[in-house]
Amino acid sequence: IWATPVMAADISFQSGMTQQMFQDFSKYAASVLVYRAVEPAAPLGLTGIDPGIEVTATSLDNGKDYWKKAFQNQEAPSYVYAPKLHIQKGLPFDIDVGLAYSEVPNTNIQYFGGELKYAFYKGGLLSPAIAVRGSYSQLFGVDQLDFKSYGLELTASKGFGVGIKIIPYASIGENWFESSPKNLPLGINLGNENFLMIRYAAGAQLQLTIFSITAEADYVQVPSYTLRGGITW
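Residues numbered from 1 in each chain as written. Predicted model: local features only at pLDDT ≥ 70, side-chain atom pairs only at ≥ 80, totals over all residues. Heavy atoms only, no water.

(A) Geometry of helix α1 (residues 19-33). Taking 1.5 Å of rise per residue, 15 residues should cover 21 Å, and α1 covers 20 Å from first to last C-alpha, within 8% of that figure. Looking only at α1, the buried set comprises Met 21, Phe 22, Phe 25, Ser 26, Tyr 28, Ala 29, Ala 30, Ser 31, Val 32 and Leu 33. (Helix = DSSP H or I, 4+ residues; strand = E, 2+ residues; numbered from the N terminus. Expected span 1.5 Å × (residues − 1). Buried < 20%, exposed > 50% of the residue type's maximum accessible area, 1.4 Å probe, protein only.)

(B) Here's a closer look at the nonpolar core. In terms of nonpolar packing, the biggest core is built from 34 residues, with Ile 11, Phe 13, Met 17, Phe 25, Leu 145 and Phe 147 touching the most fellow members. Looking at this core, the elements that each hand over two or more residues are α1, α2 (65-70), β6 (145-157) and β8 (193-208). Among the elements that make up this core, the one with the highest residue count is α1 (eight residues). (Core = buried A, V, L, I, M, F, W, Y, C linked by side-chain atoms within 4.5 Å.)

(C) Geometry of the pairing of strand β7 (residues 164-181). Relative to β7, β6 runs antiparallel, the two being bridged by 13 bridges. Looking at the pairing, Phe 147 lines up with Ser 179 of β7. Judged from the 16 bridges that link them, β7 and β8 form a sheet pairing that is antiparallel. Each bridged residue has a counterpart across the sheet, and for Phe 177 the counterpart in β8 is Phe 195. (Pairing = 2+ DSSP bridges.)

(D) Quick look at unusual backbone geometry. Even without being glycine, Val 38 reaches a positive phi, approximately 55°. By the element assignment, Val 38 lies in the loop between α1 and β1 (49-59). Look at Phe 93: it is not a glycine, yet its phi comes out positive at around 65°. With respect to the helices and strands, the residue Phe 93 is situated in the loop between β2 (79-91) and β3 (95-103).

(E) Layout of the side chain of Ser 137. Along the chain, Ser 137 turns up in strand β5 (residues 129-140). Of the polar contacts made by the side chain of Ser 137, one reaches the backbone oxygen of Leu 33; its length is 2.9 Å. Not counting residues within four places of it along the chain, the set of residues in contact with Ser 137 comprises Leu 33, Val 34, Tyr 35, Tyr 111, Phe 112, Gly 113, Phe 147, Lys 148 and Ser 149. (Polar contact = N/O pair within 3.5 Å; in protein donor to acceptor, adjacent residues only side chain to side chain. Contact = heavy atoms within 4.5 Å.)

(F) Quick peek at the sheet that holds β2. Taken together, ten strands build a closed barrel; the order of strands is β1-β2-β3-β4-β5-β6-β7-β8-β9-β10 and the barrel is antiparallel. Neighbour to neighbour, the strand axes of the sheet diverge by 20° on average, direction disregarded. Sheet topology note: the β3/strand β4 (residues 110-121) ladder contains nine bridges and is antiparallel. Across the sheet, residue Ile 95 finds its bridge partner in β4, namely Tyr 118. Where α1 meets the sheet, its contacts fall on β1, β2, β4, β5, β6, β7, β8 and β10 (223-231), and the angle it forms with β8 comes to roughly 20°. (Axes fitted to C-alpha atoms, helices over the stretch in contact; angles between N-to-C directions.)

(G) Summary view of the side chain of Ser 179. Residue position: Ser 179 is located in strand β7. Engagement of the side chain of Ser 179 in a polar contact is seen with the side chain of Ser 26, the distance being 2.8 Å. Excluding anything up to four places from it in sequence, Ser 179 contacts Phe 22, Ser 26, Leu 145, Asp 146, Phe 147, Asn 192, Glu 193 and Asn 194.

(H) Broad picture of the pairing of β8. For β8 and strand β9 (residues 211-219), the ladder comprises nine bridges, and the chain directions are antiparallel. When the bridges of β9 are listed, Gly 203 appears paired with Glu 216. Hairpin geometry of β8 and β9 is characterised by an intervening segment of two residues between the two adjacent antiparallel strands and by a positive phi of about 50° at Thr 209.

(I) Spotlight on the pattern of salt bridges. Counting across every chain of the model gives 14 salt bridges. Of the charged contacts in the structure, one is a salt bridge between Lys 182 and Asp 146, with a shortest N-O distance of 3.1 Å. Placement of Lys 182 in the loop between β7 and β8 and of Asp 146 in strand β6 is noted, with a sequence separation of 36 residues between them. According to the relative accessible area criterion, Lys 182 is partly exposed, its value standing at 29%. Taking relative accessible area as the criterion, Asp 146 reaches 26% and is therefore assigned partly exposed. Shared partners join several salt bridges into a network, and the residues in it are Arg 36, Glu 39, Asp 96, Glu 115, Lys 117, Arg 133, Glu 153, Arg 199, Glu 216 and Asp 218. (Salt bridge = Lys/Arg side-chain N within 4 Å of Asp/Glu carboxyl O.)

(J) Examining the packing of aromatic side chains more closely. Evaluated as defined, the whole model comprises eight aromatic pairs. When the centroid spacing of 5.6 Å and the interplanar angle of 85° are considered together, the rings of Phe 13 and Phe 22 count as edge-to-face. As far as the burial class goes, Phe 13 and Phe 22 line up, both buried. Aromatic side chains Phe 13 and Phe 25 sit 5.7 Å apart centroid to centroid with 85° between the ring planes, which places their arrangement in the edge-to-face category. Residue Phe 13 is found in the segment before α1, and its partner Phe 25 is found in helix α1; the two are separated by twelve residues along the sequence. With respect to burial, Phe 13 and Phe 25 carry one shared label: buried. A cation over an aromatic ring shows up here: Lys 158 above the ring of Phe 160, its NZ or CZ 5.2 Å from the ring centre. (Phe/Tyr/Trp six-rings, centres within 6.5 Å; stacked < 30°, edge-to-face > 60°. Lys NZ or Arg CZ within 6 Å of the ring centre and 35° of its normal.)

Written as structure tokens, this is what we have:
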């Protein structure tokens, strides 16, 4: 999930990392690793499928000491970039499922997430579609950290146009995070951090026949910005 230049090395907690530093680090990690659907509320339909490629840029306060203590005393960038493969599929009864995966080059950091969305109101001529979504995400490949998130959010969207269509949307939800250090070097004692955070998001999808471009801004601990290109049918 993290990109160069910080991630020429793996996450590796260094001597001097305190519990408060680990807590702060975990909350910033939550902004990167939280599941992002990056889609409107309306269901895809039984035959609908939406594969895409996206990248999320997350703002970092890179002057903090805990970044150096987490990444072998290296400087952090002002933004972290997370490229992802992402696919959503429509199911019966206005239910969609989705999966996302990221593997960062030159690191052992991998990310996997999934969602289940139910559009309980598909919207009308003047009214928005409204959906509820449950999600899960997990960090893989990092020897010294287990990190998981569980989310529940509400999304509303309303499309405009025929042929070329724009669909603004907004969402709000709660996410529960579990950040667990493991395999720590001698002399470093850190405990688990479990915390709840609210995520706010707003975006818009531009549909051009079967092609779509989606831009989204969201806020957890810090702002993040996502751009996605996909094929929707």
